[in-house]
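These are the residues of each chain, in order.
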Amino acid sequence: MLISVLSGIILSIFILFFSNKLNAKSTLGYALIPIGLFVYFLQQIPSVRVENAILYSYKWIPEMNVNLDFNLDGLSLLFCLLISGIGSLIFVYASKYLIKDKDIHRFFGYLSLFMSAMLGMVLSDNVISLFLFWEITSISSFFLIGHYHYSAASRKSALVSLGVTGAGGLVLFAGLIWMAQIAGSYSIQEIIKNANLITSHPYFGGILTLLFIGTFTKSAQFPFHFWLPGAMKAPTPVSAYLHSATMVKAGIYLLIRFSPAFQGYDIWNITLTAVGGITLFLGAAVSVSKVDLKSILAYTTISALGIMVFLIGIGSNLAIKSLGVFIVIHALYKATLFLITGIIDHTYHTRNITLLSGLRKDNRLLFVSGLIAAFSAAGIPLTFGFIGKELVYDAVYQLQQTWAFALLGVLVLANILMLYSSFTAGITPFIGKKSEIADETNVKFEPKLAFAPVLLALFCILFGIFPQLFEASFLDNFSQTILTDKQIILSRLHIWHGFNIIFILSAITIFLGTVFYLFRLKRAPLEEQDPRFSMGKVFYRLNTTLKDSAFKITHLLHNGYLRKYLLTIIVFSLLVLGYAIFKHIHITLDFSRYSSLRIYEVAVAIMVIISVITTISTSSRLTAIVSMSVVGYCICLFFVFYSAPDLALTQFTIDTLTVVLFVLVLFRLPSFINFANRATKFRDAIVSILFGLFIGIIALGIIHEPHPNIVSKFYANEAYISAHGKNVVNVILVDFRGFDTLFEIVVLSIAGIGVISLLKLQVQETEKE
């Protein structure tokens, strides 16, 4: 299982190192990975049916109970088959679609990485690894959406997508960790088993809010839906893969996964039903006003995702079963329509529906595929979409509540609008008189590009006529994992459910949707209007405000004056130290506990005071450096007085090197320039005195605080036994805290490289002059 999850990452690494030795045609070979994964997961269907769930565990960070645990059950298997199955067709399609793209290998590298992340996410049974894969999907999708990086619109869309989904992922992580801490385990299955601990927690509402925000951002639910239409700037293979079968369904997957734990609680059901209902209607309503094919498909995707969340909110066994059917239906018809849109754009270089008509004459097979996909999206009989639509209607109708009938009315109206949009995207470009742009282009579709949409359209018909095939491959295991009602689990899908209220609702949807489509078809096309208000505009305004505020704060704090940086740091430290002193430190001076002063200690202290006064009063840089060095050497003497010769030697070495460096760097600079007035000097003096006073008080507090010396004894005892060193301080620096020392060396090395680079730059500029 680990190899199957990491196979895409391995392919990405291979592409990174060897793509320069391969030509564009070789990219078709990359499709062998998703095809192999699809075959592998198909072979797991009988095992999952028998065992219900198969757990694979690989040690990662066992000390923190963080492992790569993968749970293959009916739910994860359904998504794995979609990810690898649709992915196989996308890989084949993209190898031809992007064959002239100079960055085609890089594209497949990110696509492979994304596929692996999606597989890891749906299979993970550990919240840490789930979050890791979740964020990899956000990062890899950022590069995929921004593939046309030379386009400002693509870069902007990629940043918005990453900002929304990445931030949502962090919020989700907080919710997952919170649940894990309450349940006492990072295992998702254990969290679900101990759900009563979470639901009885006083902050149960807050936990669910974090979960909702994380899933809603990923699955484009209102009010976070605005990033999805912008993501249509991505190449069509990305839109077809990420926005039909995979990324946008990641949030749906997580909600389904946790639905057994939280189903039945009002905050869960009402929130999901309300947000899903708003999203499904909003997406359908906006889609009818669009003229760009990908925009139409983007908003119908938002509507479909709203239906999925809506069904999870309904929460009945029939609703969850209809959700399992609808997930696959949507993946099939939406991927088909996206791929057909890509072929049209690839051939005629436009996606504007007002400029496209009569394209069936160039490729009737593609027209038939688009027709089938549009029929399935509309829920026309003998397509898979018809079965799914009737199940959705039935799930809401079975509630037999007044409010449920109102929701059913909203659902019917949204489906009418969805039918119109689906017909517009899948049928309108192919019917009517051949458009001018098609005549001028005089180019026929690439037959190799048609393979993927034709195959997907065939499954729309195949599963519609023989739904038992779908049940055996997908639905039975899904139902067995999620549902509790055995009667619903064992109920079979049928082409015809009889003449009843559900059929009447389907007939009304088809009739009114078709009439609306024909009515709009005969009218002159409307120009797409930019709405005055949208959540996207709200986001952009907030983002602009945030950037402006950040610029002002940065300009205020990072003004180029080192002395102001130091002042800010010291004042902040004074506030923290002052609070600590006020709240926690209680000093009672007992001079009998202190050793008596010796004449040489007083003499050294006087030298320090004189040196400090000289440093702050002199106008000579060299004098200031020498005075500061005297302070350092006096500290060395104090170390010697109190039996710490090793620290004294270290301090002596550092002070000597610092003095030498200061002299070399500052000797040639001019004398002090007086920037400060008396008020500034007085302020700096107060801050300095307070800082020294606070440090002194804390030092006295530490002396008076009782401590058992456990740490000191440990290092003293283990220095020679474990690290074979007699100098305890050196052993701590090199062995016990070796990584700290290593990173300090790295930081100094980077700083040194920076200094050398600046010096070389100065030399080069001098030579040019």
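Trainee: Sorry, what's going on with the overall build of the chain here?
Mentor: On a plain count of helices and strands, the chain comes out with 33 helices and 2 strands. When the backbone C-alpha atoms are referred to their principal axes, the chain occupies close to 110 × 70 × 50 Å. Carbon together with sulfur atoms contributes 68% to the accessible area of the chain, which is approximately 38700 Å² in total. Across the chain, the mean location of the 53 positive side-chain charges is 8 Å away from that of the 39 negative side-chain charges.

Trainee: I'm lost on the packing of aromatic side chains in this one. Help?
Mentor: For any pair of aromatic rings, geometry is given as the distance between the ring centres together with the angle between the planes. Scanning all chains against the criterion turns up 36 aromatic pairs. Aromatic side chains Phe79 and Tyr253 sit 5.4 Å apart centroid to centroid with 75 degrees between the ring planes, which places their arrangement in the edge-to-face category. In this pair, Phe79 is assigned in helix α4 (residues 74–97) and Tyr253 in helix α13 (residues 250–262), connecting sequence segments 174 residues apart. For Phe79, a relative accessible area of 1% puts it in the buried group. When its relative accessible area of 0% is taken as the criterion, Tyr253 is described as buried. Taken together, the ring pairs in this structure connect Phe204, Phe212, Phe216, Phe258, Phe262, Tyr265 and Trp268 into an aromatic cluster.

Trainee: Looking at this structure, how should I read the confidence of the model for the chain?
Mentor: Do not read the fine detail of predicted coordinates wherever pLDDT is low. Considering every residue of the chain, the mean pLDDT works out to 85; 93% of them sit at 70 or more. Here helix α23 (residues 486–490) stands out as the element of the chain with the lowest mean pLDDT, 62, in contrast to helix α10 (residues 204–218), whose mean of 94 is the highest.

Trainee: I would appreciate a short explanation of the nonpolar core in the present structure.
Mentor: When a protein is soluble and globular, its nonpolar side chains tend to lie buried together. Residues Phe41, Trp227, Phe258, Phe262 and Trp268 are the most contacted members of the largest nonpolar core, which totals 190 residues. No other element matches helix α16 (residues 317–348), which puts 20 residues into this core. The residues touching Trp227, leaving out its near neighbours within four places in the chain, are Val160, Ser161, Val164, Thr165, Thr217, Lys218, Ala220, His243, Met247 and Val248. Residues Leu577, Val687, Phe694 and Ile698 belong to the second largest nonpolar core, which totals 7 residues.

Trainee: Whenever I open this one, the packing of α16 against helix α22 (residues 467–482) confuses me. Can you help?
Mentor: When two helices pack together, their arrangement is given by the angle between the helix axes and by the axis-to-axis distance. Between α16 and α22, the least distance of the axes is 10 Å, while the angle of their chain directions is 140 degrees. Classified by the angle their axes make, α16 and α22 are oblique. Crossing of α16 over α22 shows right-handed handedness. Each of Ile320, Lys321, Gly324, Val325 and Val328 in α16 lies in contact with α22, whose residues at this interface are Phe470, Glu471, Phe474, Leu475, Phe478, Ser479 and Ile482.

Trainee: I would appreciate a short explanation of the environment of Ile697 in the present structure.
Mentor: Here Ile697 is to be found in helix α30 (residues 678–704). Judged by relative accessible area, which is 23%, Ile697 ranks as partly exposed. In the structure, Ile697 is positioned 116 residues away from Ile581 in sequence and 7.8 Å away in space, judged by C-alpha atoms.

Trainee: Quick question: what am I supposed to make of the pattern of salt bridges here?
Mentor: Where side chains of opposite charge bring their charged atoms close, a pairing between them can arise. As enumerated under the stated definition, the model contains 8 salt bridges in all. With its nearest N and O atoms 3.4 Å apart, the salt bridge here joins Asp103 to Lys102. Classification of Lys102 by relative accessible area gives exposed; the value is 71%. One salt bridge connects Arg351 with Asp345, and the closest N-O pair in it is separated by 3.2 Å. For Asp345, a relative accessible area of 18% corresponds to the buried category. Shared partners join several salt bridges into a network, and the residues in it are Lys102, Asp103 and Arg106.

Trainee: Where do I start with the state of the cysteines in this structure?
Mentor: Here a disulfide denotes one covalent bond, and it connects the sulfur atoms of two cysteines. Enumeration according to the criterion identifies 0 disulfides in this entry. Left unpaired, Cys634 is separated from the closest cysteine sulfur, that of Cys636, by 8.8 Å.

Trainee: What is the right way to read the pairing of strand β1 (residues 53–61) from this model?
Mentor: Looking along a regular strand, one sees side chains alternate from face to face of the sheet. As judged from the 8 bridges shared by β1 and strand β2 (residues 66–73), these two strands associate in the antiparallel manner. Residue pairing in the sheet places Ile61 in a bridge with Val66 of β2.

Trainee: What should I look at first to understand the pairing of β2 in this one?
Mentor: With respect to burial, β2 is a largely interior element, 8 of its 8 residues being buried. Going residue by residue along β2, you find Val66, Leu68, Phe70 and Leu72 tucked away on one face and Asn67, Asp69, Asn71 and Asp73 tucked away on the opposite face as well. Connecting the antiparallel pair β1 and β2 is a turn made up of 4 residues, with Asn65 showing a positive phi of about 60 degrees.

Trainee: What should I look at first to understand the packing of helix α27 (residues 599–617) against helix α28 (residues 621–641) in this one?
Mentor: Put simply, α27 and α28 touch, their axes get as near as 8 Å, and they point 160 degrees apart. Considering the angle they form, α27 stands roughly antiparallel to α28. In this structure, α27 meets α28 at a crossing whose hand is left-handed. Between α27, through Tyr600, Glu601, Val604, Ala605, Met607, Val608, Ser611, Val612, Thr614 and Thr615, and α28, the contact on the second element is made entirely by Thr623, Ala624, Ser627, Met628, Val630, Val631, Cys634, Leu637, Phe638 and Phe641. When grouped by side-chain class, the residues that make up the contact of α27 with α28 number 14 nonpolar, 5 polar and 1 charged.

Trainee: Got a minute to help me understand α30 in this structure?
Mentor: Think of an α-helix as 3.6 residues a turn; residues three or four steps apart then line up on the same face. Its 27 residues give α30 an end-to-end C-alpha distance of 39 Å, which sits within 8% of 39 Å, the value for a rise of 1.5 Å per residue. Looking only at α30, the buried set comprises Val687, Phe694, Ile698, Gly701 and His704. Buried positions along α30 lie against α26 (562–584).

Trainee: What am I meant to see in unusual backbone geometry here?
Mentor: Peptide bonds are, in most cases, trans, and in most cases residues other than glycine have a negative phi. In this structure, the amide linkage connecting Phe222 to the following residue, Pro223, adopts the cis form with an omega of 5 degrees. In this structure, Asn52 takes a positive phi of about 70 degrees despite not being glycine. Along the polypeptide, Asn52 turns up in the loop between α3 (45–51) and β1. In the Ramachandran plot, Ala220 falls in the positive-phi region, its phi being about 55 degrees despite a non-glycine side chain. You can see Ala220 is positioned in the loop between α10 and α11 (227–230).

Trainee: What's the story with the environment of Pro645 in this structure? I'm lost.
Mentor: Topologically, Pro645 is positioned in helix α29 (residues 645–666). C-alpha of Pro645 to C-alpha of Leu399: the two residues are 246 residues apart in sequence and 83 Å apart in space.

The rules behind each value
Residues numbered from 1 in each chain as written. Predicted model: local features only at pLDDT ≥ 70, side-chain atom pairs only at ≥ 80, totals over all residues. Heavy atoms only, no water. Helix = DSSP H or I, 4+ residues; strand = E, 2+ residues; numbered from the N terminus. Areas by Shrake-Rupley, 256 points an atom, 1.4 Å probe, with all protein chains shown as cover. Lys, Arg positive; Asp, Glu negative; His and termini not counted. Charge placed at Lys NZ, Arg CZ, Asp CG, Glu CD. Phe/Tyr/Trp six-rings, centres within 6.5 Å; stacked < 30°, edge-to-face > 60°. Buried < 20%, exposed > 50% of the residue type's maximum accessible area, 1.4 Å probe, protein only. pLDDT = per-residue confidence, 0-100. Core = buried A, V, L, I, M, F, W, Y, C linked by side-chain atoms within 4.5 Å. Contact = heavy atoms within 4.5 Å. Axes fitted to C-alpha atoms, helices over the stretch in contact; angles between N-to-C directions. Parallel < 35°, antiparallel > 145°, perpendicular 65-115°, else oblique. Left-handed = near helix turned anticlockwise from the far one by under 90°. Salt bridge = Lys/Arg side-chain N within 4 Å of Asp/Glu carboxyl O. Disulfide = S-S within 2.5 Å. Pairing = 2+ DSSP bridges. Nonpolar A, V, L, I, M, F, W, Y, C, P; charged D, E, K, R; others polar. Expected span 1.5 Å × (residues − 1).

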